[in-house]
Amino acid sequence: MRREEIEKLLARYYDGLTTEQEEEKLTQALHSAKDLPEDLQAERDLFLSLHKDTVEDVPVPEDLETELAARIDRKASAPRRLRLWWGSVAASALLLVGLGLGITEMRHDVLASTPQDTFTNPEDAHRALQAIFTEMSQNWKAGMEQLEDTQRDLEAVNHEIRNELEN
């Protein structure tokens, strides 16, 4: 059987589209093939290990355990790196927004016609200060709500990514 036919049948087999006759034909071709290229030898080993009628044992590499442990460690550190990356993106976005608002406010202050730094009446000053603190409180609350929403979204994304990596 030609290489192209073997590759085509292997692809159909992995997609679950082969018939029993095609699987038998592929099994015979892979058992009888003597001079398969290296990439097809690995495919042959995998196919024969998955196929029911396999008599041949697939050798287990000696460093399999250390290789698997290393891959698990790399996968385990991936969500942390992802959280750090998203944290960096969020911090950068907040910094840019803050700078933009600061520059806008600075321009606004410069354009004011008559700046009023002091009050002659202490009651007026007290009311103005209360209004400022009320506005700051409302803005702070709105900002914290947005931050909490973003944090919940990030946790949901991280959860989905962890599930994908585990599967």
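Draft legend 1. Examining helix 1 (residues 3-14) more closely. Its 12 residues place the ends of helix 1 16 Å apart at the C-alpha level, agreeing with the 16 Å of an ideal helix rising 1.5 Å per residue. For helix 1, the set of buried residues is I6, L9, L10 and Y13. Seen along its axis, helix 1 keeps its buried residues to an arc of 105°; they face one direction. After helix 1 finishes, the residue G16 shows a positive phi value of roughly 80°.

Draft legend 2. Seen up close, the packing of helix 1 against helix 3 (residues 38-50). The N-to-C vectors of helix 1 and helix 3 enclose an angle of 40°; their axes lie 12 Å apart at closest approach. On the basis of the axis angle, helix 1 is oblique to helix 3. In this structure, the crossing between helix 1 and helix 3 has a hand that is left-handed. Of helix 3, the residues touching helix 1 (which contributes R3, I6, E7, L10, Y13 and Y14) are D39, L40, E43, L46, F47 and L50. The class makeup of the residues in the contact of helix 1 with helix 3 is eight nonpolar, no polar and four charged.

So, how was this worked out
- Residues numbered from 1 in each chain as written.
- Predicted model: local features only at pLDDT ≥ 70, side-chain atom pairs only at ≥ 80, totals over all residues.
- Heavy atoms only, no water.
- Helix = DSSP H or I, 4+ residues; strand = E, 2+ residues; numbered from the N terminus.
- Expected span 1.5 Å × (residues − 1).
- Buried < 20%, exposed > 50% of the residue type's maximum accessible area, 1.4 Å probe, protein only.
- Arc of directions from axis to C-beta.
- Axes fitted to C-alpha atoms, helices over the stretch in contact; angles between N-to-C directions.
- Parallel < 35°, antiparallel > 145°, perpendicular 65-115°, else oblique.
- Left-handed = near helix turned anticlockwise from the far one by under 90°.
- Contact = heavy atoms within 4.5 Å.
- Nonpolar A, V, L, I, M, F, W, Y, C, P; charged D, E, K, R; others polar.

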